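Examination of the molecular architecture
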Amino acid sequence: MQIDYKKSLIFFFIICSICAITFLHRNYVSLHHFSFVEWLVNYQHSFVRRGIFGELNYNIAKIFNLNLFKVTLVIQIIFFCIFYYCSTKILINVRKPSFLLILAIFSPIGFLFPLAELEALGRQEIIFLTFLSFYIYFLIFKNKIFLSKILLITLLPIILLAHEGMILYFSYIIVANLFFLYSKEIKLSLLINVLITLYVIIIFLVFNSNYTVDKAAVDGICESLSDYIKPSNCVGINGIFKIAETKGVTIDQFLSRFELFKVLKFSLFAIVGFVPLLMVVKNRKNFKVFNFEVKPLYAIYICIFCSLPIYLAIDWGRWTYVNYISTLFLILYLLHTKFLEIRKEKIYYFFEKITSKTKVLFFILFCL
């Protein structure tokens, strides 16, 4: 069973990689306005939001005399390959997964979502997911405290420069780091994580107060891309001119399109997708913060709550996908550290005892 699980998992992520590369190439050919073109936003005119990797790609292409579009495509593919590789390593670390856990791993709002909803593929949140998967992989297999802090201090600001909205998912990283340090000294662990949180908030505020938000920034970026896109066409591309929108415009767009029925409907889909994951685990041991007993599952609920503002945005599916993968990785890490354990109750034994054919039917209905 274990060998079959490992082989199936490796095969699954190989297929995911092939599909992702194929669809990323399609976005590259068609110059998809968000999934590809937003990676071209750069700092050649001024400091703008979500421009760090566009600036990196621009300079790599210029220094080595390469095609900017091809460099951008390769960078996207590298991120997805690292994400899938680290995800494979994390999931293979699970010993004898129950059928409910397998359903949770292959939930339709997890790894499969961006391959089914191509508008979610290639967006810059893959940078956060790549870091999260690498960081959880690092905590499980490397276990080096000093290097873990260096990773957080140096790479979290880069994630904010790639997509400022990802700060709402940083709680998953902070909580994972808190449990990572817990066995050493709880007071020191809390202090370190409070300082990291303050550090991230300060950087976030500094960045957001210094972004250039005007038409001149768009014109400057389009001028830098004139060898690849006509400036007259460039200024009309949504992935580029969107940086000229003020925060107020973005908020107004959200509120004007916010529909309660859709939010409730999508929330129901999310709950169904999360059910196997939250049903399969329970607290194994609590940890003490001063004189208070804290249950690990509460930390996960707090992480989900922290991400709710962006989770209910217009493009709901993308944020649900990020939220689910983050929750899955954190739960798997807490299973690894034995703060959580598999819930072996009636529902667990029901799914374990059903026939293989019935399991296949359940899998197809739920995951596919």
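Residues numbered from 1 in each chain as written. Predicted model: local features only at pLDDT ≥ 70, side-chain atom pairs only at ≥ 80, totals over all residues. Heavy atoms only, no water.

What follows concerns the nonpolar core. Counting residues in each nonpolar core, the largest one holds 126 residues, and the members touching the most others are Phe-128 and Phe-170. Among the elements that take part in this core, helix H3 (residues 68–92) stands out by supplying 14 residues, more than any other. Setting aside residues no more than four positions away along its own chain, Phe-128 makes contact with Ile-159, Met-166, Tyr-169, Phe-170, Ile-173, Val-322 and Ser-326. (Core = buried A, V, L, I, M, F, W, Y, C linked by side-chain atoms within 4.5 Å. Buried < 20%, exposed > 50% of the residue type's maximum accessible area, 1.4 Å probe, protein only. Helix = DSSP H or I, 4+ residues; strand = E, 2+ residues; numbered from the N terminus. Contact = heavy atoms within 4.5 Å.)

As a further point, take the confidence of the model for the protein. Mean pLDDT for the protein: 89, with 93% of residues reaching 70 or above. Per-element mean pLDDT across the protein ranges from 65 in helix H13 (residues 247–257) up to 97 in H3. (pLDDT = per-residue confidence, 0-100.)

What follows is about the side chain of Glu-55. Looking at the element boundaries, Glu-55 is found in helix H2 (residues 52–63). Although buried, Glu-55 forms no salt bridge, and the nearest oppositely charged side chain, Lys-62, lies 8.4 Å from it. Within polar-contact distance, the side chain of Glu-55 engages the side chain of Gln-44 at 3.0 Å. Apart from the residues within four sequence positions on either side, Glu-55 is in contact with Val-41, Asn-42, Tyr-43 and Gln-44. (Lys, Arg positive; Asp, Glu negative; His and termini not counted. Salt bridge = Lys/Arg side-chain N within 4 Å of Asp/Glu carboxyl O. Polar contact = N/O pair within 3.5 Å; in protein donor to acceptor, adjacent residues only side chain to side chain.)

Now for the environment of Val-48. With respect to the element layout, Val-48 can be found in the loop between helix H1 (2–30) and H2. Judged by its relative accessible area of 1%, Val-48 is buried. Residues in contact with Val-48, not counting those within four places in the same chain, are Val-41, Asn-42, Tyr-43, Tyr-211, Thr-212, Ala-217, Ile-221 and Ile-243.

In the structure shown here, the tally under the stated rule is 33 aromatic pairs. Three or more aromatic residues link up through ring pairs in this structure, and these residues are Phe-12, Phe-13, Phe-80, Phe-83, Tyr-84, Phe-106, Phe-111, Phe-329 and Phe-363. Positioned above the aromatic ring of Phe-141 is the side chain of Lys-89, whose terminal nitrogen or guanidinium carbon lies 5.9 Å from the ring centre. Between the NZ or CZ atom of Lys-285 and the centre of the ring of Phe-339, over which it lies, the distance is 4.7 Å. (Phe/Tyr/Trp six-rings, centres within 6.5 Å; stacked < 30°, edge-to-face > 60°. Lys NZ or Arg CZ within 6 Å of the ring centre and 35° of its normal.)

Our focus in this paragraph is the state of the cysteines. Taken as a whole and judged by the stated rule, the model has one disulfide. With its sulfur 2.2 Å from that of its partner, Cys-222 forms a disulfide with Cys-234. Residues Cys-222 and Cys-234 share a disulfide whose torsion about the S-S bond is about -80°; that sign makes it left-handed. Taken together, the residues Cys-222 in helix H10 (residues 215–224) and Cys-234 in helix H11 (residues 231–234) connect sequence positions 12 residues apart. (Disulfide = S-S within 2.5 Å.)

This part takes up the pattern of salt bridges. Evaluated as defined, the whole model comprises seven salt bridges. One salt bridge connects Glu-164 with Arg-50, and the closest N-O pair in it is separated by 3.1 Å. With Glu-164 in the loop between helix H7 (145–162) and helix H8 (170–182) and Arg-50 in the loop between H1 and H2, this pair connects stretches of sequence that are 114 residues apart. Judged by its relative accessible area of 12%, Glu-164 falls in the buried class. Residues Glu-125 and Arg-318 are paired through a salt bridge, measuring 2.7 Å at the closest nitrogen-oxygen approach. In this pair, Glu-125 sits in helix H6 (residues 125–141) while Arg-318 sits in helix H17 (residues 316–336), placing the two residues 193 residues apart along the sequence. In this structure Glu-125 comes out as buried when scored by relative accessible area, which is 1%. A single network of salt bridges, built from pairs that share partners, joins Arg-49, Arg-50 and Glu-164.

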